[in-house]
Amino acid sequence: MSEKTSEKRYCLRYAAGAYWFLDTQQSGRDYRPPVKLNGMGADIIKRLNEGMSGARLAQAVAEEYQADSTLVERDVRAFLQSLETQGIVMTEWKGTVRV
């Protein structure tokens, strides 16, 4: 992708002992605070940004965390739904997050 890093809409940062997922292009009028993520949430965002999705993402996370892939897939879907509920909707993840 030829986008400059500064033009990417979302940013994943680690600060104060937690990961934070920020929308860097929102207006002050409809401000949404950063979303606090745990390590697994940050890992999912990083994998989505690399282009991994669906069953492959759930399988990779399940292997890394030694968890049941069916449960992980359900949890990943719930996590993405929670981001959408908070106003973070991305149709194309690959390369759109500054990490």
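Structure: see above.
Definitions and limits used
- Residues numbered from 1 in each chain as written.
- Predicted model: local features only at pLDDT ≥ 70, side-chain atom pairs only at ≥ 80, totals over all residues.
- Heavy atoms only, no water.
- Helix = DSSP H or I, 4+ residues; strand = E, 2+ residues; numbered from the N terminus.
- Buried < 20%, exposed > 50% of the residue type's maximum accessible area, 1.4 Å probe, protein only.
- Polar contact = N/O pair within 3.5 Å; in protein donor to acceptor, adjacent residues only side chain to side chain.
- Contact = heavy atoms within 4.5 Å.
- Phe/Tyr/Trp six-rings, centres within 6.5 Å; stacked < 30°, edge-to-face > 60°.
- Pairing = 2+ DSSP bridges.

> Even after reading the chapter, I still don't get the side chain of Asp23, so can you show me in this structure?
Relative to the helices and strands, Asp23 resides in strand S2 (residues 18-23). Look at Asp23 and you get buried, because its relative accessible area is 10%. A distance of 2.7 Å separates polar atoms of two side chains, one belonging to Asp23 and the other to Arg9. Non-local contacts of Asp23, meaning those with residues more than four positions away in its chain, are made with Arg9, Tyr10 and Arg32.

> Explanation requested: the packing of aromatic side chains in the structure shown.
Here the distance between the centres and the angle between the planes together describe a pair of aromatic rings. Within this structure, the stated rule accounts for 2 aromatic pairs. Taken together, a centroid distance of 5.4 Å and an interplanar angle of 10 degrees make the contact between Tyr10 and Phe21 stacked. Here Tyr10 is found in strand S1 (residues 10-15), whereas its partner Phe21 is found in strand S2, with 11 residues between them in sequence. The class for Phe21 is buried, based on a relative accessible area of 1%. Here Tyr14 and Tyr19 contribute two aromatic rings whose centre-to-centre distance is 4.8 Å and whose plane-to-plane angle is 65 degrees, an arrangement assigned as edge-to-face. Under the relative-accessibility criterion, Tyr14 is labelled exposed at 52%. Of the residues examined, Tyr19 reaches a relative accessible area of 23% and is grouped as partly exposed.

> Explanation requested: the pairing of S1 in the structure shown.
A regular strand places its side chains on the two faces of the sheet in alternate fashion. With 6 bridges connecting them, S1 and S2 associate as antiparallel partners. Its bridge partner lying in S2, Tyr14 is registered against Tyr19. A loop of 2 residues connects S1 with S2, the two strands running antiparallel in sequence, and Ala16 in this loop sits at a positive phi of about 55 degrees.

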